[in-house]
Amino acid sequence: MTTVLYDGTFDGFLTAVFKVYDTKIVDAAIAIIGSTSGNLFADEMIITTNITLSKRVWKGLEQKMSLRARRELYTAFLSEVKGIENALLRYIRYAFASKIYIENNYSNADVLYVKQTAHKVYREKHRMEAFVRFQKMKDDLYFASVQPDYNVLPLISKHFEERYADQRWLIYDAFRKYGLYYDLETVSEVQFTFSEETANGKNIAAAYDESEAMYQLLWKQYFNSVNIPARKNMKLHIQHMPKRYWKNLVEKR
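Residues numbered from 1 in each chain as written. Predicted model: local features only at pLDDT ≥ 70, side-chain atom pairs only at ≥ 80, totals over all residues. Heavy atoms only, no water.

(A) Summary view of the packing of aromatic side chains. For the structure on display, the rule yields 16 aromatic pairs. For the ring pair Phe-10 and Trp-58, a centre distance of 5.7 Å and an interplane angle of 80 degrees mean the geometry is edge-to-face. Here Phe-10 is found in helix H1 (residues 10–22), whereas its partner Trp-58 is found in helix H2 (residues 51–64), with 48 residues between them in sequence. Under the relative-accessibility criterion, Phe-10 is labelled buried at 14%. Between the aromatic rings of Phe-160 and Tyr-164, the centroid separation amounts to 5.9 Å while the plane-to-plane angle is 15 degrees, which identifies the pairing as stacked. (Phe/Tyr/Trp six-rings, centres within 6.5 Å; stacked < 30°, edge-to-face > 60°. Helix = DSSP H or I, 4+ residues; strand = E, 2+ residues; numbered from the N terminus. Buried < 20%, exposed > 50% of the residue type's maximum accessible area, 1.4 Å probe, protein only.)

Rendered as C-alpha cells:
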C-alpha cells in the first residue's frame, strides 16, 4: 500500500487523486500530513498542492458527474470524517471507470456513503445559517463564534455575504481556528489571535460595543415574550435546536 499525504485542502486532495492516477498506484490511500502514525508495510508519498493538476481532475469529473454530484463530493470532503478521502477516491475511480453517471447507484457502498455524508454536512450548513448570532464590537465589526461539527464555513459564505452586505462581519470557527471576514466588498479566509483585552478569546464581552449589552437584553426579552409556557415541548425544541449550539446563542445564555 502507498499512502499519499496532502495538506488538507480540497485542491490538495484533487492533486493527490491526480498523483494516484499518474503514478498508477493500485493500492492507494490518501491522508492529511501528520494524521497517520505510519505503517511498516506502507510507502508514503508527500505531495505538494498543484492548482493546475487539481483543475485537470475537476475538469475530468465534469465529464463524469452532474453538477449536483460534484457539489456533493465537495460537501462530503468538508465533513472531515476519518477516511473520507479514501471513500471519495473510490467514488471517483468508480465514476471514471463507468460510461454512464453512477451518482444514483446507491447499491454501491461508496456512492451511498458520499450521499449520506453530504446530507449531514448540508444539514449543519442550514443550522449554522439559522443559529449564527453576531455581536457588535467596539470597532463596528460584527463578530460571531461558531463550533460546527463539520467544516461548513465555505458553504455559508455566500448566504451571509448576501444577507449582511451592508456591514463588516467575521464568523470564527472556534474548532478549526479560522474565520470568514467580510470587508463590505469581498469575503476572505482569515486566521488571527485574540487580544489580551478578551483574555485570549475567553471573554469576548470585553470588546463589545457599548450598545451591545442593551441589544442582547432586548433579544432575550423578545424570546421570553413570545414563549408560551403552556405549550412548552423541550423534546421538540432540542430536536430543532440541539444543545450543542446553545452556548453561542444569546437567548440561551
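Let us keep going from here.
(B) Up close: a nonpolar patch on the surface. Together, Ile-32, Ile-33 and Ile-46 make up an exposed nonpolar region whose accessible area comes to about 270 Å². With respect to the helices and strands, Ile-46 occurs in strand S3 (residues 43–46). (Patch = residues over 30% accessible without salt bridge, like charges linked within 9 Å, V, L, I, M, F, W, Y side chains within 5 Å. Areas by Shrake-Rupley, 256 points an atom, 1.4 Å probe, with all protein chains shown as cover. Salt bridge = Lys/Arg side-chain N within 4 Å of Asp/Glu carboxyl O.)

(C) Examining helix H3 (residues 67–77) more closely. Those residues of H3 that fall on the buried side of the exposure criterion are Ala-69, Arg-70, Glu-72, Leu-73, Thr-75, Ala-76 and Phe-77. The secondary structure elements touched by the buried residues of H3 are strand S1 (2–6), H1, H2, helix H4 (84–97), helix H5 (109–131) and helix H6 (153–163). (Contact = heavy atoms within 4.5 Å.)

(D) Examining empty space enclosed by the protein more closely. According to the stated counting rule, one finds one cavity of 30 Å³ or more in the structure shown. Of the volumes computed, that of the largest cavity is approximately 80 Å³. Taken together, Met-128, Phe-131, Val-132, Val-146, Gln-147, Pro-148, Arg-244, Tyr-245, Asn-248 and Leu-249 form the lining of the largest cavity. (1 Å grid on protein atoms, 1.4 Å probe; cavity = no way out; pocket = protein on both sides within 12 Å on 5 of 7 lines; lining within 4 Å. Points joined across faces, edges and corners; volume = space filled by probe spheres on them.)

(E) The layout of surface pockets, seen in detail. Roughly 800 Å³ of volume is contained in the largest pocket. What lines the largest pocket is a set of 35 residues, and nearest its centre among them are Tyr-6, Gly-8, Ile-32, Phe-77 and Glu-85. For the lining of the largest pocket, the secondary structure elements donating two or more residues are S1, H1, strand S2 (28–32), H3 and H4. The element contributing the most residues to the lining of the largest pocket is S2, with four residues. The residue inventory of the lining of the largest pocket, partitioned by class, reads 15 nonpolar, twelve polar and eight charged. (Nonpolar A, V, L, I, M, F, W, Y, C, P; charged D, E, K, R; others polar.)

(F) Summary view of the pattern of salt bridges. Scanning the model with the defined rule gives ten salt bridges in all. One salt bridge connects Glu-80 with Arg-176, and the closest N-O pair in it is separated by 2.9 Å. Pair noted here: Glu-80 is in the loop between H3 and H4 and Arg-176 is in the loop between strand S6 (169–173) and strand S7 (178–182), with a separation of 96 residues, a long-range link. What makes Glu-80 partly exposed here is its relative accessible area of 47%. Salt bridges sharing common partners tie together Arg-68, Glu-72, Glu-103 and Lys-115.

(G) Geometry of the nonpolar core. Ranked by internal contacts, the top residues of the largest apolar core, which has 54 residues, are Phe-13, Ile-30, Met-65, Leu-73, Leu-88 and Tyr-91. The element that contributes the greatest number of residues to this core is H1, accounting for seven residues. When residues no more than four places from it in sequence are discounted, the contact partners of Tyr-91 are Met-65, Ala-69, Leu-73, Ile-102, Glu-103, Asp-110, Val-111 and Val-114. With ten residues, the next largest nonpolar core counts Phe-143, Leu-170, Tyr-172 and Val-190 among its residues. (Core = buried A, V, L, I, M, F, W, Y, C linked by side-chain atoms within 4.5 Å.)

(H) Region of the structure containing the sheet that holds S2. Sheet architecture is open: three strands sit in the order S2-S1-S3, paired in parallel fashion. In the strand order of this sheet, the two ends are held by S2 and S3, each with one partner. The mean inter-strand angle of the sheet, taken between neighbouring strand axes irrespective of direction, is 25 degrees. Helix-sheet contacts for H4 involve S1 and S2, and the interaxial angle to S2 is about 140 degrees. (Pairing = 2+ DSSP bridges. Axes fitted to C-alpha atoms, helices over the stretch in contact; angles between N-to-C directions.)

(I) Just the sheet that holds S6, in detail. Ordered in space as S4-S5-S6-S7-S8, the five strands form an open sheet in which the pairing is mixed. At either margin of the open sheet sits one strand with a lone partner, and together these are strand S4 (135–136) and strand S8 (187–190). When strand S5 (residues 142–146) meets S6, the two strands line up parallel, connected through five bridges. The residue of S6 that forms the bridge with Ser-145 is Tyr-172.

(J) Spotlight on the pairing of S1. Among the five residues in S1, five count as buried, and that is most of the element. The two faces of S1 match: Thr-2, Val-4 and Tyr-6 on one face and Thr-3 and Leu-5 on the other face are all buried. Here five bridges tie S1 to S2, and the two strands are oriented parallel to one another. What sits directly across from Val-4, in S2, is Ile-30. Taken together, S1, H1 and S2 constitute a β-α-β crossover, and its handedness is right-handed. Of the strand pairs in this sheet, S1 and S3 are connected by four bridges, and their pairing is parallel. Note on S3: the bridge partner recorded for Thr-3 is Glu-44. (Right-handed = clockwise from strand over helix to strand, strands pointing away.)

Worth remembering: the numbers are spatial, not functional.
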